[in-house]
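Geometric and topological summary
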Amino acid sequence: MTLILNVISAIGAFIVTNIDDIFVLMLLFSQAKAQVKTSEGLKGNQTENKHISPKDIIIGQYLGFTLLVVVSLLGTFGVMLIPEKWVGLLGLIPIYLGIMLFIKGEDEDENAILSSLNSGKYNSVFLSVAFITFANGGDNIGIYVPFFSTLTMNQLAVTVITFFIMVAIWCFIGYRLAAFKHVSETLENYGRWIIPIVFIGLGIYIMVENETFSALLSFLFVNLS
């Protein structure tokens, strides 16, 4: 496989497995931009709200995707730490975040929606984004492992580098989509409803896609019988 074909196949594998991440990134960047806009409008007032920067989202995206690649590489070399059906349990994270955002959104303004992902004095937004990225990409492992196993070490290195470059491109696309007036206005007006629904739906999809519900039912049935 030539270098060009190697890069093209890596780009294709990334796009096919991460196309849904564009929408999630767009939602997150839109809320970060709305937060900045709101804080500028209240410049004269003091506020205790933490501000979420695009940097938090980008770091979280890279952290979550790096974990996906590491687990996939371990699977490629014969070490699967997490059975695929239990990876779906990570879908509980976006479900929890969606419920929390829904509750917060009912009595707080848009400036606080994404801030509600924070806890305590330490910023945990990038960790929340990382968990969502990893959970959403849990089914990617089933694609990356056989794909990686067909590559030589040099080709594998090129593929991983290409993946990380594509993460940056994905973040840029999500950021630019959130900047479109129609998109940003829609998300600003209905974001407090759209984002929780998307997160909860994403969590359910992750669990269904990984057959986690059937695994849980089987586990309960075996232990109760």
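Below you will find a few notes about this structure. Remember, predicted model here, so these are calculated numbers, not experimental data.

Here we look at the packing of helix H1 (residues 3–18) against helix H7 (residues 141–149)
Between H1 and H7, the shortest axis-to-axis distance is 11 Å and the interhelical angle comes to 170 degrees. Classified by the angle between their axes, H1 and H7 sit roughly antiparallel to one another. Viewed along their axes, H1 and H7 form a crossing whose handedness is right-handed. Residue-level contacts link Ser 9, Ala 10, Ala 13, Phe 14, Thr 17 and Asn 18 of H1 to Ile 143, Tyr 144 and Phe 147 of H7. Its residues assigned to classes, the contact of H1 with H7 comprises six nonpolar, three polar and no charged.

Comments concerning the nonpolar core
Judged by nonpolar contacts, the single largest core of 41 residues is most densely connected at Phe 14, Phe 65, Phe 148, Phe 163 and Phe 199. For Phe 14, the contacting residues outside a window of four places in its chain are Phe 65, Tyr 144, Phe 163, Met 166, Val 167 and Trp 170.

Describing the packing of aromatic side chains
Applying the stated criterion across every chain, the model contains 12 aromatic pairs. Plain terms: the ring middles of Phe 65 and Phe 163 are 5.8 Å apart, the flat faces sit at 70 degrees to each other, and that makes the pair edge-to-face. On the criterion of sequence distance, the pair formed by Phe 65 in helix H3 (residues 54–76) and Phe 163 in helix H8 (residues 153–179) is long-range, its members being 98 residues apart. The residues Phe 65 and Phe 163 share a single accessibility class, namely buried. Taking 6.0 Å as the distance between ring centres and 85 degrees as the angle between the ring planes, the aromatic pair formed by Phe 65 and Phe 164 counts as edge-to-face. Of this pair, Phe 65 sits in helix H3 while Phe 164 sits in helix H8, and the two are 99 residues apart along the sequence. Residue Phe 164 is classed as partly exposed on the basis of its relative accessible area of 24%. Pairwise contacts between aromatic rings join Phe 14, Tyr 62, Phe 65, Tyr 144, Phe 147, Phe 148, Phe 163, Phe 164 and Trp 170 into one cluster.

Some words on H8
Side chains that are three or four residues apart share a direction in an α-helix, a result of its 3.6 residues per turn. For H8, spanning 27 residues, the distance from its first C-alpha to its last is 40 Å, which sits close to the expected 39 Å at 1.5 Å a residue. Of the positions making up H8, those classed as buried are Gln 155, Leu 156, Thr 159, Val 160, Thr 162, Phe 163, Met 166, Val 167, Trp 170, Cys 171, Gly 174 and Ala 178.

Focus on a nonpolar patch on the surface
Together, Ile 99, Phe 102, Ile 103, Trp 193 and Ile 197 give the surface a local cluster of nonpolar side chains, amounting to about 480 Å² of exposed area. For the nonpolar patch, the secondary structure elements donating two or more residues are helix H5 (92–107) and helix H9 (181–209). By residue number, the principal contributor to the nonpolar patch is H5, which donates three residues. Looking at the element boundaries, Phe 102 is found in helix H5. For Phe 102, a relative accessible area of 32% gives the class partly exposed.

Brief notes about the side chain of Thr 162
Its location among the elements puts Thr 162 in helix H8. There is a polar contact of 2.7 Å between the side chain of Thr 162 and the backbone oxygen of Val 158. Among residues more than four places away in sequence, those in contact with Thr 162 are Val 7, Ala 10 and Ile 11.

Considering empty space enclosed by the protein
This structure, assessed with the given rule, holds one cavity of 30 Å³ or more. Taken as a whole, the largest cavity holds about 60 Å³ of empty space. As for the largest cavity, its lining consists of Asp 21, Val 24, Leu 25, Leu 28, Gln 61, Val 129, Ile 132, Thr 133 and Asn 136. Broken down by secondary-structure element, the contributors of at least two residues to the lining of the largest cavity are helix H2 (21–41) and helix H6 (125–136). By residue class, the composition of the lining of the largest cavity is five nonpolar, three polar and one charged.

What counts, and at which threshold
Residues numbered from 1 in each chain as written. Predicted model: local features only at pLDDT ≥ 70, side-chain atom pairs only at ≥ 80, totals over all residues. Heavy atoms only, no water. Axes fitted to C-alpha atoms, helices over the stretch in contact; angles between N-to-C directions. Helix = DSSP H or I, 4+ residues; strand = E, 2+ residues; numbered from the N terminus. Parallel < 35°, antiparallel > 145°, perpendicular 65-115°, else oblique. Left-handed = near helix turned anticlockwise from the far one by under 90°. Contact = heavy atoms within 4.5 Å. Nonpolar A, V, L, I, M, F, W, Y, C, P; charged D, E, K, R; others polar. Core = buried A, V, L, I, M, F, W, Y, C linked by side-chain atoms within 4.5 Å. Buried < 20%, exposed > 50% of the residue type's maximum accessible area, 1.4 Å probe, protein only. Phe/Tyr/Trp six-rings, centres within 6.5 Å; stacked < 30°, edge-to-face > 60°. Expected span 1.5 Å × (residues − 1). Patch = residues over 30% accessible without salt bridge, like charges linked within 9 Å, V, L, I, M, F, W, Y side chains within 5 Å. Areas by Shrake-Rupley, 256 points an atom, 1.4 Å probe, with all protein chains shown as cover. Salt bridge = Lys/Arg side-chain N within 4 Å of Asp/Glu carboxyl O. Polar contact = N/O pair within 3.5 Å; in protein donor to acceptor, adjacent residues only side chain to side chain. 1 Å grid on protein atoms, 1.4 Å probe; cavity = no way out; pocket = protein on both sides within 12 Å on 5 of 7 lines; lining within 4 Å. Points joined across faces, edges and corners; volume = space filled by probe spheres on them.

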